[in-house]
Amino acid sequence: MADVAEKTERKIVVAVDEGDESLNALTWCLKNVVSACPNYKDTLVLLFAKPPRIVYTALDGTDDDAGYLFSSDIIATMEKYSSDVAEAVIEKAKRACENVDIKVEVVMEKGDPRDVILEAVEKLKADLLVMGSHGYGLIKRTFLGSVSNHCAQNAKCPVLIVKNLK
């Protein structure tokens with residue numbers, strides 16, 4: 001990797017989702033990473049991981065093999081809602097970047113956020129990954145998992161985790 005003093009371009013990936021934590025991380029990054037280093041020509045990549053659709057079957061209790069699947073209309077409605085959420089998150093993130101002179105790209109991928117983020121960072125050859133933290137304690141983190149912790153341990157670039165101090 002080139003010495004920081006020699007490098008003029010950076011690719012910064014910010015993982016965004018519908019939580020306040022990711023918007024806080026984006027805002028903090030714009031103020032303290034992007035604006036603080038005007039000699040860099042940064043590209044900010046807003047990365048949204050659309051969770052995979054999970055379809056549960058409802059068993060009627062009479063036969064272990066019998067189940068009911070959602071109709072195609074319900075599945076289409078669920079897909080539309082998921083896409084609407086993704087678009088709203090990206091638009092909100094783009095608005096946060098409006099007052100900063102930076103090139104903004106958007107990447108939306110479907111899959112487990114841990115995998116999507118790690119794959120995108122590697123594929124994009126990111127110089128920095130910025131993420132928000134839900135601030136879960138040890139017990140919640142153990143049961144729910146921590147996307148930011150997983151990425152910090154496995155990403156092939158530096159990871160900045162911004163804690164929400166509210």
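Just above, that's the structure.
Parameters at a glance
Residues numbered from 1 in each chain as written. Predicted model: local features only at pLDDT ≥ 70, side-chain atom pairs only at ≥ 80, totals over all residues. Heavy atoms only, no water. Phe/Tyr/Trp six-rings, centres within 6.5 Å; stacked < 30°, edge-to-face > 60°. Lys NZ or Arg CZ within 6 Å of the ring centre and 35° of its normal. Pairing = 2+ DSSP bridges. Helix = DSSP H or I, 4+ residues; strand = E, 2+ residues; numbered from the N terminus. Axes fitted to C-alpha atoms, helices over the stretch in contact; angles between N-to-C directions. Contact = heavy atoms within 4.5 Å. Salt bridge = Lys/Arg side-chain N within 4 Å of Asp/Glu carboxyl O. Buried < 20%, exposed > 50% of the residue type's maximum accessible area, 1.4 Å probe, protein only.

Caption draft 1: Region of the structure containing the packing of aromatic side chains. The full count for this structure, using the stated rule, is zero aromatic pairs. Cation over ring: arginine 10 sits above tyrosine 40, and NZ or CZ is 4.0 Å from the ring centre.

Caption draft 2: Fine view of the sheet that holds strand S4 (residues 128-133). Spatially, five strands are ordered S3-S2-S1-S4-S5 in an open sheet, and the strand pairing comes out parallel. Because the sheet does not close on itself, it has two edges, and the strands there are strand S3 (103-110) and strand S5 (159-163). Neighbour to neighbour, the strand axes of the sheet diverge by 25° on average, direction disregarded. Two elements, strand S1 (residues 9-16) and strand S2 (residues 41-50), share eight bridges in a ladder whose sense is parallel. Across the sheet, residue valine 16 finds its bridge partner in S2, namely phenylalanine 48. Helix-sheet contacts for helix H1 (residues 20-34) involve S1, S2, S4 and S5, and the interaxial angle to S1 is about 160°.

Caption draft 3: Focus on the pattern of salt bridges. Per the counting criterion, the structure on display carries six salt bridges. With its nearest N and O atoms 3.7 Å apart, the salt bridge here joins lysine 94 to glutamate 91. With a gap of three residues between them, lysine 94 and glutamate 91 both fall in helix H2 (residues 72-96), about one helical turn apart. We classify glutamate 91 as partly exposed; its relative accessible area is 35%. The salt bridge partner of lysine 103 is glutamate 105, with a shortest N-O separation of 3.4 Å. Judged by relative accessible area, lysine 103 falls into the exposed class, the value being 52%.

Caption draft 4: Inspection of unusual backbone geometry at higher detail. For lysine 125, which is not glycine, the phi torsion reads 55° and is therefore positive. Mapped onto the elements of the fold, lysine 125 is located in the loop between helix H3 (113-124) and S4.

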